Amino acid sequence: MTTAPPPLPPVSATVAAQALDLLPPRLRGRVDRAMGKVAGWPVETTSDGVRVIVDDDTSVTLRTTGGVVAHADDAVCTCLLAPACLHRATLLSSAPLALEPTSEADEDGPAGERAHRTTGTGPDAGPTAVATAHGAHSPRRRTAVAEGAPRSETPEEPEEPNETDGSSLDGAAHDTVPCELTPAQTRAMAALRSAATAVLVSGVSGAGAVHRAGLLHAAHSGHLAGLHLPAAAAVRIARRLDEARSEDPSFRLPELSADLAGLLGLLRRPAEAITPARRSYQPSGPLRLYGLFTEPIVTASGYAGAVTYGLAPDGTLLTISDVAPGDPQRAAQAAQTPVPGGCALPLREWGDGGSVILTGPTVSADGRVGGGSRVRSVRASGARWHQQPLDALWQRPPAQQLAAALDWLEQPADVRPAGGDLLFVAGSIEGRGLRITNGPQVGLLAPDERSALAYADNLRLLRSRPGLALRMIVRVVPDRPGAVQALAAAWTGHDGEQFRADLGLRRLNRSHIPAGSPPAVPAGAGTTDTAAASGPSGDITGVPADRADGEGDIAASPAPTPDPVTAERFGMGGGKVQPSPPAGSPELPIELDLLRRTVDRAVAGGRSITAASADGELPRRLESVGLATGAECVRALLDSAADRQHDALGRLLPADPDGFAAAWLATAVYASAAVRSLLPAAWSPTSDTMAPPASPVGR
């Protein structure tokens, strides 16, 4: 059997950017083509890193510190042009970006916390955890999720856009809070804005190593100037461009769009952009935490681990995590990490109905429990999902939970409280989806389809049990209103006892799940199974249910593809047609979906594709369903994309990238706000086919 070569280690963003700077201009343009050859270069493991053999006479050695190539001197090429050589720059540009800490480690932070808090891809910044430009006035509070739990702050009503200053069309172009910037911060913000705008104008199809290096340089300058939130967003965008270039299955175009909108919007709000790098852990009194579930974390940049969610007595969700450099197998190992404080209770066992009492803990504002030397812990009697206090989580109406989750998504990704995007729902398997009690029917998506994780196989097995009644913890997917990501589930087993499973960690088989009773088929319902069709969010298709028993060899799932429209037009892989949602799933106006696709298409193809696809049909359709402000935004976007003027001699004048970026940002903000406004109503059990009001948002 052939052994797979070791992967390239993560590389510091600064080292990756500096490697490209050393190249002369004649070589810089060749990096993108040379990166296609890296997959064919043999990789050997050394005592302190890896050695990549380019040819018989040339090799590049990457030395790691803590699993990361952290310094320029750690990348050494044997050719005569080194370090200003194409081999070294190509290899460093091909390696995944390290999740760089923004400051010194918090002594009270849990194991692996520095990596987890800066990923932008963990459970608090997963497939849907992306910063958006809307919400300069979003409340920043810890999420109280239990019925009647106290909230530390009352949410403010969002301000209406000022019609007279044009802010409804420029994405809140004026700063909401006056803030004095130092010269270094002003230059860093300009560099970040320029780098993000360049990526937007070029699109994913035109962005290469130079655009990536521009983002990383701007991020480095931002960190030095104290702009840690926008700098982290720039690194996330660079990482997503890497995923798109390498056709990584985890790449999703809506996530990149949301990250770009979040960065451009944050740069217009300096007061929010200037934040401390260090997460503040504050001492807390004794805490009793009831375990809910454990989620495996695997990132494209070479980090892996586990996060366990627990419920505090006041109804607040808190987390304990262990995320560090490693492969997907590390996720299962990290789940066995003991709870800090000496009680020797593994995270996974705590999350499976366990309970701990912590004395002397520290807790961050976003709900992460520290693991300092002063923490002490003891085991306590736990509770199942159907027992108090956990049962209260499932008593809130699904539409109310969804509205709170959508508000949570509008907060900057780095400051969101833990678990704000989670929904606690009950229902039954129907049509290979989940029919939510007092809610709609939704498709069940796998958060991660890597074969090392059990999500895909477990969801196939659950879908094969129609009528099975169960409780689930799921995550909101804003760009897929008819689907959710399934994280954990519980049902009544063969022996009548409650059976609970972390769907990413525990691999199920048929003996774990009793056969469900087939639900009644409503009159006129079709028989085509659409809920399991493939889509960009990681759901599964093409594998028969009888092969999903958790035993034997199971064929790998097809890799999820980017947005079907952009994939088909711009060669980003696949180009599959999006299936219709399951019967009874929540519906939004098709015009709103077209608006969101226009936003994503601009990111995929850039300004030129946006101009080429311009027509007046979408604005007319938006106006016909009452989305008049959306129609104005689309017209402004198309006009800015096609606005190329000539001088007196007929020569084409330079385009205005900032105008295009402002128009795109306004459109993205409106689309996000419209979904947040209309989707909870679609989840209401009393909602019929939705007819949007004449002016849902932004008027």
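The model shown is predicted, which means the values in this text are computed figures rather than measured ones. (Residues numbered from 1 in each chain as written. Predicted model: local features only at pLDDT ≥ 70, side-chain atom pairs only at ≥ 80, totals over all residues. Heavy atoms only, no water.)

Visitor: Mind showing me how you'd approach the pattern of salt bridges here?
Guide: Where charged atoms of side chains with opposite charge meet at close range, the side chains can pair. Inspection of the entire model under this criterion finds 25 salt bridges. Note that E295 and R475 form a salt bridge whose closest N and O atoms lie 2.9 Å from each other. Remark: R475 occurs in strand β15 (residues 469-476) and E295 occurs in strand β6 (residues 287-298); sequence separation between them is 180 residues. Take R475: its relative accessible area is 1%, and that puts it in the buried class. (Salt bridge = Lys/Arg side-chain N within 4 Å of Asp/Glu carboxyl O. Helix = DSSP H or I, 4+ residues; strand = E, 2+ residues; numbered from the N terminus. Buried < 20%, exposed > 50% of the residue type's maximum accessible area, 1.4 Å probe, protein only.)

Visitor: Explanation requested: the packing of aromatic side chains in the structure shown.
Guide: By convention here, two paired aromatic rings are described through the distance between centres and the angle between planes. On inspection of all chains with the given rule, the structure shows 4 aromatic pairs. Arranged with centres 5.2 Å apart and planes meeting at 75°, the rings of W394 and F424 form a pair that is edge-to-face. Placement of the pair is W394 in the loop between β11 (376-380) and α13 (398-409) and F424 in strand β12 (residues 422-430), with a sequence separation of 30 residues. As far as burial versus exposure is concerned, W394 and F424 are alike and both buried. (Phe/Tyr/Trp six-rings, centres within 6.5 Å; stacked < 30°, edge-to-face > 60°.)

Visitor: Please explain the sheet that holds strand β8 (residues 317-325) as it appears in this structure.
Guide: Strands pair in a sheet through their backbones, by hydrogen bonds, and they do so in one of two ways: parallel or antiparallel. Read across the sheet, 5 strands follow the order β8-β7-β6-β9-β11 without closing on themselves; strand pairing throughout is antiparallel. Edge positions in the sheet fall to β8 and β11, since each of these pairs with one other strand and no more. Across the sheet, the mean angle separating the axes of adjacent strands is 35° when strand polarity is ignored. Summarising the sheet, β6 and strand β9 (residues 355-359) pair through 4 bridges and their orientation is antiparallel. Counterpart to L287 in the pairing with β9 is L358. (Pairing = 2+ DSSP bridges. Axes fitted to C-alpha atoms, helices over the stretch in contact; angles between N-to-C directions.)

Visitor: Mind showing me how you'd approach the state of the cysteines here?
Guide: Formally, a disulfide is one covalent bond, and it connects the sulfur atom of one cysteine to the sulfur atom of another. In total, this model carries 0 disulfides according to the counting rule given. Free of any disulfide, C85 has its nearest neighbouring cysteine sulfur in C79, separated by 3.7 Å. Accessibility expressed as a relative area gives 1% for C85, which makes it buried. (Disulfide = S-S within 2.5 Å.)

Visitor: What is the right way to look at the nonpolar core in this model?
Guide: Note on soluble globular proteins: their nonpolar side chains tend to be buried together. In terms of nonpolar packing, the biggest core is built from 80 residues, with L62, L260 and W664 touching the most fellow members. If you tally residues by element for this core, the top one is helix α8 (residues 228-245), at 9 residues. With residues near it in sequence (within four places) discarded, L260 still touches A196, V199, L200, I237, V603 and W664. By size, the runner-up hydrophobic cluster in this structure holds 78 residues, among which are L292, Y303, L422 and L459. (Core = buried A, V, L, I, M, F, W, Y, C linked by side-chain atoms within 4.5 Å. Contact = heavy atoms within 4.5 Å.)

Visitor: What should I look at first to understand the packing of helix α16 (residues 590-612) against helix α18 (residues 628-642) in this one?
Guide: The description of two helices packed together rests on the angle between their axes and the distance between the axes. Where α16 meets α18, the axes come as close as 10 Å, and the angle between the chain directions of the two elements is 10°. For the element pair α16 / α18, the angle class is roughly parallel. Every residue of α18 that contacts α16 at L595, T598, R607, T610 and A611 is listed here: V634, L637, L638, S640, A641 and A642. By residue class, the composition of the contact of α16 with α18 is 7 nonpolar, 3 polar and 1 charged. (Parallel < 35°, antiparallel > 145°, perpendicular 65-115°, else oblique. Nonpolar A, V, L, I, M, F, W, Y, C, P; charged D, E, K, R; others polar.)

Visitor: Sorry if this is basic, but what is going on with the environment of V378 here?
Guide: Relative to the elements of secondary structure, V378 occurs in strand β11. Judged by its relative accessible area of 45%, V378 is partly exposed. When the C-alpha positions of V378 and V339 are compared, they lie 9.4 Å apart, and in sequence the two are 39 residues distant. Every residue in contact with V378, bar those within four places of it in the chain, is listed here: C343, S355, V356 and I357.

Visitor: Quick question: what am I supposed to make of helix α14 (residues 455-463) here?
Guide: Each α-helix winds once per 3.6 residues, and so residues spaced three or four apart point in a common direction. Within α14, 9 of the 9 residues are buried, which leaves it mostly tucked inside the rest of the structure. Residues of α14 that are buried: Y455, A456, D457, N458, L459, R460, L461, L462 and R463. Buried residues along α14 sit against β6, β12, β14 (441-445) and β16 (483-492).

Visitor: Would you take a moment to explain the pairing of strand β13 (residues 433-436) for this structure?
Guide: Regular strands show a simple pattern: their side chains alternate between the two faces of the sheet. Of the pairings in the sheet, the one linking β12 to β13 comprises 4 bridges and is antiparallel in character. In the strand pairing of β13, G427 is matched with I436. Between β12 and the antiparallel strand that follows it, β13, lie 2 residues; G431 among them carries a positive phi value of about 60°. A loop of 4 residues connects β13 with β14, the two strands running antiparallel in sequence, and N438 in this loop sits at a positive phi of about 60°.

Remember that the coordinates give geometry; whether it matters functionally is a separate question.
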